[in-house]
Amino acid sequence: MGVGRGYCELAESVADLNDLPVDVDQVIVAVGVSPNPLVPKSIEGLELGRKNTITVSEEMQSSRKEIFAGGDIVRGGATVILAMGDGRRAAQNMDEYLQNK
Ligand SMILES: Cc1cc2nc3c(=O)[nH]c(=O)nc-3n(C[C@H](O)[C@H](O)[C@H](O)COP(=O)(O)OP(=O)(O)OC[C@H]3O[C@@H](n4cnc5c(N)ncnc54)[C@H](O)[C@@H]3O)c2cc1C
């Protein structure tokens, strides 16, 4: 399989960027590894788990029936594939909840 010339040029320019020297005094890595407590803590009546995760049922429904949650805010730091699965399940159950309302 051939690789187009445009692709090669792009790859070269990205490689150049990776080698770009940056003059700094200090580098701070700021990567979140736990859920933001702001959302769960600011919603009244929301049952929380350890580390301020949102507690949900099998249907991804929280103690506030109109709020569904999934992903890291429920699991407290997991994987993209689990978060995506939670999202699908939450969406299906939200739809059912709204249809029956
Ligand atoms: C350094 C690192 C490396 C990782 N590597 C991998 C990996 O290789 N493979 C893998 O599967 N998983 C990896 N993970 C885990 C993965 O990133 C998470 O499990 C996944 O992103 C969870 O998805 P989420 O949608 O639940 O949460 P998030 O992706 O965190 O999305 C939550 C979103 O909500 C937004 N938000 C927060 N508070 C508010 C607010 N008050 N109002 C509006 N928006 C708000 C945030 O800005 C964010 O965009 C890694 C995690 C980290 C930290």
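Rules used throughout
- Residues numbered from 1 in each chain as written.
- Predicted model: local features only at pLDDT ≥ 70, side-chain atom pairs only at ≥ 80, totals over all residues.
- Near = placed C-beta within 6 Å.
- Helix = DSSP H or I, 4+ residues; strand = E, 2+ residues; numbered from the N terminus.
- Nonpolar A, V, L, I, M, F, W, Y, C, P; charged D, E, K, R; others polar.
- Buried ≥ 20, exposed ≤ 12 C-beta atoms within 10 Å, placed from the backbone.
- Contact = placed C-beta atoms within 7 Å.
- Core = buried A, V, L, I, M, F, W, Y, C linked by C-beta atoms within 7 Å.

Student: Give me the site of the ligand: which residues, what numbers.
Tutor: Taken together, 14 residues form the shell around the ligand, and within it Gly71, Asp72, Thr79, Val80 and Ala83 come nearest. Of all the elements in the fold, those that place two or more residues in the shell around the ligand are helix H2 (38–42), helix H3 (72–75) and helix H4 (80–99). A per-element tally of the shell around the ligand places H4 first, with 3 residues. Class assignment for the residues of the shell around the ligand results in 9 nonpolar, 4 polar and 1 charged.

Student: Give a detailed account of unusual backbone geometry, specifying residues and quantitative values.
Tutor: Even without glycine at this site, Asn52 takes up a positive phi of about 60 degrees. Structurally, the position occupied by Asn52 is in the loop between H2 and H3. Backbone geometry at Met60 places phi at a positive 65 degrees, although glycine is not the residue there. As for its placement among the helices and strands, Met60 is situated in the loop between H2 and H3. Among the residues examined, Met60 registers 23 C-beta atoms within 10 Å and is labelled buried.

Student: Residues and numbers for the environment of Gly71, please.
Tutor: Mapped onto the secondary structure, Gly71 falls in the loop between H2 and H3. Accessibility expressed as a C-beta count within 10 Å gives 21 for Gly71, which makes it buried. As for Gly71 and Met84, which are separated by 13 residues in sequence, their C-alpha atoms are 7.3 Å apart. When residues no more than four places from it in sequence are discounted, the contact partners of Gly71 are Ala83, Asp86 and Gly87.

Student: With reference to specific residues and values, describe the nonpolar core.
Tutor: Formed by Ile54, Val56, Met60, Phe68, Ala69, Ile73, Val74 and Ala90, the largest nonpolar core amounts to 8 residues. The contacts of Ala69, once residues within four sequence positions are left out, are Ile54, Val56, Met60, Ser62, Val74 and Ala90.

These results come straight from atomic positions and should not be treated as a statement about function.
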